[in-house]
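Residue-level listing of the chains:
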Amino acid sequence: MFLVTLNAIFGAASLFLAQRSLKKGWPFIRVGWMAVQSQGSHADVRENIFRRLTVSEGGRFLMGGLFWIVVGIVALIAGIYFTVLAYQGMYGGGSV
C-alpha cells in the first residue's frame, strides 16, 4: 500500500508539473516565433543590428519555449506511468 501511495503522489506531482510547464512554454514559443518570423523576412536582416538583435532574442525565447514543452512532455509521460502503476497496485491484484 505504501508503494501505491508513493506512485500516486509521484503521478500527481508529475501531472501537475506537466500542466504548468506546458502552460508556461507555449507563450514563449509564440513570442519567439513571431519575433523571428517578423524580422527574418526583411532583406537587411544581416546588416541591421537591431533586426539581428530581435531575431537572436526571438531565438532565445523559442529555445526556452521548446525546453518547457519538452519538460512538459517528459513530465506527462512520467505522470501517466506513475498513475498506471498506482492503478495497477490498487486494482490489478499483482505485485508492483
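Refer to the structure presented above.
Keep in mind that this is a model prediction, so the values were computed, not measured.

Q: Before we move on, can you summarise the overall build of the protein with the specific residues and values?
A: Counting its secondary structure elements, the protein contains two helices and zero strands. In terms of overall dimensions, the protein is more spread out than a globule: its C-alpha atoms have a radius of gyration of 21 Å, far above the 12 Å expected for 96 residues. Principal axes of the C-alpha set define a box for the protein whose edges measure 65 × 15 × 15 Å. For the protein, the residues scored as buried account for 21% of the 96 residues in total. If you sum the accessible surface of the protein, you get close to 7,000 Å²; carbon and sulfur atoms cover 72% of it.

Q: Explain the side chain of Ser 14 to me, and be specific about the residues and the numbers.
A: Inspection of the secondary structure assignment puts Ser 14 in helix α1 (residues 2-40). Leaving out residues up to four positions away in the same chain, Ser 14 has contacts with Ala 75, Ala 78, Gly 79 and Phe 82.

Q: How would you explain α1 if you had to name every residue and give the values?
A: For α1, built from 39 residues, the straight-helix expectation of 57 Å at 1.5 Å per residue is met to within 8% by its first-to-last C-alpha distance of 55 Å. Those residues of α1 not exposed but buried are Val 4, Asn 7, Gly 11, Ser 14, Ala 18, Ser 21, Gly 25, Ile 29, Gly 32, Ala 35 and Gln 39. As for α1, its buried residues are in contact with α2 (49-92).

Q: Explain the packing of aromatic side chains to me, and be specific about the residues and the numbers.
A: Enumeration according to the criterion identifies five aromatic pairs in this entry. Seen from their ring centres, Tyr 81 and Phe 82 are 5.4 Å apart, and the 65° between their planes marks the pair as edge-to-face. Arranged with centres 5.1 Å apart and planes meeting at 55°, the rings of Tyr 87 and Tyr 91 form a pair that is tilted. With Tyr 87 and Tyr 91 both in helix α2, this residue pair falls four residues apart, about one helical turn. With a relative accessible area of 62%, Tyr 91 lands in the exposed category.

Q: Which residues make up the environment of Ala 18, and what values do they have?
A: Locating Ala 18 in the fold gives a position in helix α1. It is 32 Å that separates the C-alpha atoms of Ala 18 and Leu 53, two residues lying 35 residues apart in sequence. In this structure, Ala 18 is in contact with Gly 72, Ala 75 and Leu 76, ignoring residues within four places of it in sequence.

Q: Give a description of the packing of α1 against α2 that names residues and reports values.
A: Contact geometry for α1 and α2: axes closest at 5 Å, N-to-C directions at 160°. Here α1 lies roughly antiparallel to α2, going by the angle between them. Both α1 and α2 take part in a crossing whose hand is left-handed.

Q: I'd love a proper account of the environment of Gln 37, names of residues and values included.
A: Within the secondary structure layout, Gln 37 lies in helix α1. Sequence spacing of Gln 37 and Val 55 is 18 residues, and the spatial spacing of their C-alpha atoms is 8.2 Å.

Cut-off values and rules
- Residues numbered from 1 in each chain as written.
- Predicted model: local features only at pLDDT ≥ 70, side-chain atom pairs only at ≥ 80, totals over all residues.
- Heavy atoms only, no water.
- Helix = DSSP H or I, 4+ residues; strand = E, 2+ residues; numbered from the N terminus.
- Rg over C-alpha atoms; globule rule 2.2 N^0.38 Å.
- Buried < 20%, exposed > 50% of the residue type's maximum accessible area, 1.4 Å probe, protein only.
- Areas by Shrake-Rupley, 256 points an atom, 1.4 Å probe, with all protein chains shown as cover.
- Contact = heavy atoms within 4.5 Å.
- Expected span 1.5 Å × (residues − 1).
- Phe/Tyr/Trp six-rings, centres within 6.5 Å; stacked < 30°, edge-to-face > 60°.
- Axes fitted to C-alpha atoms, helices over the stretch in contact; angles between N-to-C directions.
- Parallel < 35°, antiparallel > 145°, perpendicular 65-115°, else oblique.
- Left-handed = near helix turned anticlockwise from the far one by under 90°.

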